[in-house]
Structure formats: structure tokens, C-alpha cells
Amino acid sequence: MSADLVVVANRLPVDRVVADDGSTGWRRSPGGLVSALLPVMQANHGAWIGWTGGHDREMDPFEEEGITLVPVALSATEVEEYYEGFSNDTLWPLYHDLVAKPSFHREWWEAYQRVNQRFAEKAAEVAAQGATVWVQDYQLQLVPAILRTLRPDLKIGFYLHIPFPPTELFSQLPWRRELLEGLLGADLVGFQMPGGAANFVRLVKQRVGHRTHRDRVQLPDGRIVRAQAFPISIDTQRYESLARDEAVVSRAQEIREQLGNPATVFLGIDRLDYTKGIYARLRAFSELIHDGEFSVEDAVFVQVATPSRERVDQYRQMRDEIERLVGRINGDLGRLGRPPISYLHSSYPIEEMAALYRAADVMVVTPFRDGMNLVAKEYVACRTDNTGALVLSEFAGAAAELRQAYLVNPYDINGMKAQMLAAYHASAAERTKRMRAMRRTISQHDVARWASSFLRALKAY
Ligand code: GDG
């Protein structure tokens, strides 16, 4: 097999499904990355290398959605050490400003190296002569350098979906130099924000000792690596047309009725993750009721918390803390049939997500640190009538583009309360003015444009 465009990601773009008769098949995973990349991959004899999500035996490549899928097998121990361990309990907290304390374990690092080697070998096997390989995200930062050694003929791009931390934080990592050298195997290293790219270049100079100039790193062998920002986005049109769909419109109406037709519906939708600031935001909302700013008849908060990484300890603890808080708030401030917070620990089809976005007057997105945050952009895309208000953390990448949101510092509960209240009281004209401007931004910057601008920059190299 020889593919001209190869994507290497932790997960394949499909999920295994079991039918009623017990037979198994594959279904395309939800998410913008998959729908943005599929058309380019279909047009370029594409191959996608990734883990299936289970504890697998070796599996042969197969065709699905017009591209070749190449499964990578992970043992149960590797899932524990490479994925839950090094990726999600070392790198994830370290790259998100130490919102939680990262664990450093030498066995996890060894598994991370081993698994990265396996992904790189697969890519070397399936890529055609001179092909383009695009490696995705923090789980695979060693792949570019391993792949370059195996296949110097390839064009290699890397994209980091999460923030790249400041030098002082990154430097805690016992394997900091190896990770930087791993990334330097790429021709182009893409980040969400210019700040991440600048952090990377500074670290390379400091820790690896290469010469750098602006967004360029000069390697001793003459090769140049560029580090640039490519802020990711969503399939804007898809969300707009979903939001206009009749079934979605009437479901949005029904959601408001089920909530008891309050004047204002606040909404939060997040993976249940400690970076997302769910606890502080619910506390801020409850204090507004407690302070008498509005009552449970006036406003309710719907919080969807999608289950995530449930085998990692810190996630279990955080879930307990949030659920205790919700219970306390509803117990203290609720009335019969009127809990101030409707908390849903569940995931939903995209149509239900669009209905929730349509049903919400104020969307509250308050991560302590977030590479981009697509939920904020999806909300804006679904407000096709220019209504609604967005409360958004300054520390989400999305804040650089969605300047007309009610921006907050999620560490400042009083500041957050003030902005939630400003969004609550804003006139229809004020909300429309802000929403219209944000909608213009995301209609011009969608995920297809993100993918094509990265690939164009890589090819132009
Ligand atoms: C990482 C970075 C960066 C959530 N619950 C359901 C559901 N979702 C969808 C949302 C959204 C996506 O998941 C979450 O994306 P975010 O960007 O908000 O956050 P992360 O998962 O942390 O993503 C982030 C992103 O990568 C892309 O580069 O923006 O900063 O952390 O699309 O809609 N979708 C469905 N049901 C759910 O219950 N269908």
C-alpha cells in the first residue's frame, strides 16, 4: 500500500459498533477533525493510522469512507501507561498550566517511547515515496523524529491541539529534551496560538541549543523547522444547517418547556475535565441566586458533562467534587420541581447538542486553560438568528478570535459573576451586535480552511 497523504493520530476516525445480531462494524467518529480531513484524504489516496480504542490484537488495514484505515494495536498495559498515564496524567496537566499535578513515572515514559515507535513504523510502511505525513497531538510527539530517520524522503507536519506551555513549566519534564527533539523531526510544527509556537522556539534554543530566528529553527544539518499558529475551527455550515433544521428547532423549544420555561437558560457543555472550570462556574452561578440577583424561576443552568478518562484518578475525584456541589446547590437553593442546576453526566448525538445550543440564552465556557475550545464556536454557529450571549474564559484559545464574548478570568469568581450577570441583563440589541460580529469570524474561519492552510504551508516548504 502507498498513500500520498497519511494522518497519524492516537485514534482512528471510526468507532467499533456492535449490531443487534452481534456482528461488528465501524461508524465514523463524530468531530470536526474527521470531517475536515476526509475530503482531502479521499482525494489523495489517504491513509489514517490510529488506535481502535480497544485492547487489540494486530489487525490488517481496511478500507472505510474511501480511505485506508491502519489500526495500531495497544496492549492493556500500554493503554494504562502510554495513554492514561503519560499522555493523560503527565503531559495533559503539564501542558495545561499545571491545573492538576502531573505524575512523572519512568515506566510510563518507556511505554510512550515504545508506542510512538510503533506508530512511526506503521507510517513509514504505508507512506508513498515523497508523501506528506501529518501527525496529530500530544500523544505522538516523538513520531516526527523517528519517522524522519526511517523515511527521510517524507514531508512531515505535526499539529498540537492543546496549549504548549511556557518554558518554566515545560522544563519540569524529566524528558524535555527528548520531546523537543521528537517534534523537531517535523518540517512544520503547528500550534493553536502564536504564544505556543513562541514557547516552543524559545525552549528549543534553551534546551537543545539550536539557532533560532523568529518562527524558524536552524538544525546543524541545514534543515529548517518552522513553528507557526493555525487556530483550529469547526464545520460552521454543518452546525448552521443543523440549527435551522425543523426537528432541532422544535427540540430546542421542548427543552425549554421541560426546564419549566425559565426566562433565561444558562448552558455549559464540556468533557468532564479539570481544565474546563466546571466547579467554579457552577459556584458562581449559585452565588448569583444566593445573592438575590435572580431567582430559580428566572434562570436555570444546564450543565452537560460528557464522561471522560474515567480510569484516571484525578478525573474520578473531580467528578465526585462536582456532583457533591450540584447536590448541595440544588438542595440549598432549589424549589420543588425547580432545581437551579440540571446536571447531565452523559453524551448526546450532535442533533441534541445543536438543540441545546439553540435553547440556551447564555453559554458559559470557563476553562482554566484550553487549546481552542470548539464548544464556544459551535454555540456561535448555532445562533443563526444572532441571539444569545457567550461568556468565555480569556484562557481559551477561542478568546483570541471571539473578542465580543463576555470575557472572564475563571480564577476570579467575583469577576465571573459580574460577567455572567452582564450577559444576563444585556439588551437584545447588545447581544445581537456581539453575536453578529462573532458569527462573521467563524463563518470565515472554518475547519476546512484550517486543514488546507496547514497543508498548504507544509507543501510550500
Ligand atoms: C481538544 C482541546 C481543542 C462534547 N460532548 C459531546 C460532544 N462533544 C464535542 C463538542 C466539541 C468537542 O466534543 C470538544 O471539543 P473542545 O474543543 O471543546 O475540547 P477538547 O475535547 O478538550 O478538545 C481543545 C480541540 O482539541 C480541537 O483542537 O479545541 O482546546 O482540549 O466538538 O461538541 N459531541 C457530541 N456529544 C456529546 O455529548 N456529539
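Anything mentioned here points back to the structure above.
Reference entry: report on the structure contained in this document.

Conventions used here
Residues numbered from 1 in each chain as written. Predicted model: local features only at pLDDT ≥ 70, side-chain atom pairs only at ≥ 80, totals over all residues. Heavy atoms only, no water. Near = heavy atom within 4 Å. Polar contact = N/O pair within 3.5 Å; in protein donor to acceptor, adjacent residues only side chain to side chain. Areas by Shrake-Rupley, 256 points an atom, 1.4 Å probe, with all protein chains shown as cover. Helix = DSSP H or I, 4+ residues; strand = E, 2+ residues; numbered from the N terminus. Nonpolar A, V, L, I, M, F, W, Y, C, P; charged D, E, K, R; others polar. Phe/Tyr/Trp six-rings, centres within 6.5 Å; stacked < 30°, edge-to-face > 60°. Buried < 20%, exposed > 50% of the residue type's maximum accessible area, 1.4 Å probe, protein only. 1 Å grid on protein atoms, 1.4 Å probe; cavity = no way out; pocket = protein on both sides within 12 Å on 5 of 7 lines; lining within 4 Å. Points joined across faces, edges and corners; volume = space filled by probe spheres on them. Pairing = 2+ DSSP bridges. Axes fitted to C-alpha atoms, helices over the stretch in contact; angles between N-to-C directions. Contact = heavy atoms within 4.5 Å. Expected span 1.5 Å × (residues − 1).

1. Description of the site of the ligand
Taken together, 20 residues sit near the ligand, with His-161, Thr-306, Tyr-348, Asp-370 and Glu-378 positioned nearest. At 3.0 Å from an oxygen atom of the ligand is found a side-chain nitrogen or oxygen belonging to Lys-276. Relative to its free-state accessible area of 730 Å², the ligand is covered by the protein chains to the extent of 82%. The set of elements that each furnish at least two residues to the shell around the ligand consists of α12 (350-359) and α13 (374-382). Of the residues assigned to the shell around the ligand, the class counts are ten nonpolar, six polar and four charged.

2. Digging into the packing of aromatic side chains
In this description, an aromatic ring pair is defined by two values, namely the gap between the centres and the angle between the planes. This model, assessed by the stated rule, comprises 32 aromatic pairs. Taken together, a centroid distance of 6.5 Å and an interplanar angle of 40 degrees make the contact between Tyr-82 and Phe-119 tilted. Here Phe-119 lies in helix α3 (residues 106-126) and Tyr-82 lies in helix α2 (residues 76-95), a separation of 37 residues in the sequence. Classification of Phe-119 as buried rests on a relative accessible area of 0%. A centroid spacing of 6.0 Å and a plane angle of 50 degrees characterise the contact between Tyr-95 and Phe-170, whose relative ring orientation is tilted.

3. Some remarks on the layout of surface pockets
The volume enclosed by the second largest pocket comes to roughly 270 Å³. Along the walls of the second largest pocket sit 20 residues, with Pro-163, Met-193, Gly-195, Gly-196 and Arg-369 positioned nearest its centre. Looking at the lining of the second largest pocket element by element, the count peaks at three residues for helix α7 (residues 194-208). Taken together, the residues that form the lining of the second largest pocket break down as ten nonpolar, six polar and four charged.

4. Describing the sheet that holds strand β1 (residues 3-11)
Strand order in the open sheet formed by ten strands is β5-β6-β4-β1-β7-β8-β9-β12-β11-β10, and the pairing between neighbours is mixed. Edge positions in the sheet fall to β5 (62-64) and β10 (211-213), since each has one partner strand and no second. Between one strand axis and the next, the sheet turns by 25 degrees as a mean value, whatever way the strands run. Relative to strand β4 (residues 46-51), β1 runs parallel, the two being bridged by five bridges. Residue pairing for β4: Val-7 is matched across the bridge by Trp-48. Across the sheet, α3 lies against β1, β4, β6 (67-72) and β7 (127-136), angled at about 160 degrees from β4, the strand it touches most.

5. Some thoughts on helix α15 (residues 428-444)
End to end, α15 covers 24 Å across 17 residues, agreeing with the expected 24 Å (1.5 Å per residue, within 8%). Taken as a whole, α15 has its buried residues at Arg-431, Met-435, Ala-437, Met-438, Arg-439, Thr-441 and Ile-442. Tucked inside the fold, the buried residues of α15 contact α8 (236-244), β16 (362-365), α13, β17 (389-393) and α14 (413-425).

6. Focus on the sheet that holds strand β15 (residues 341-344)
Across the sheet, six strands lie side by side as β15-β14-β13-β16-β17-β18; this open sheet has parallel pairing. Every other strand in the sheet has two partners, leaving β15 and β18 (406-408) as the edge strands with one partner each. Between one strand and the next, the sheet's axes are offset by a mean angle of 15 degrees, whatever the strand orientation. Pairing between β16 and β17: four bridges, direction parallel. Within β17, the position partnered with Val-362 by the bridge is Ala-389. Contacts from α14 reach β13 (264-271), β14 (299-306), β16, β17 and β18 within the one sheet, and its direction differs from that of β18 by about 170 degrees.

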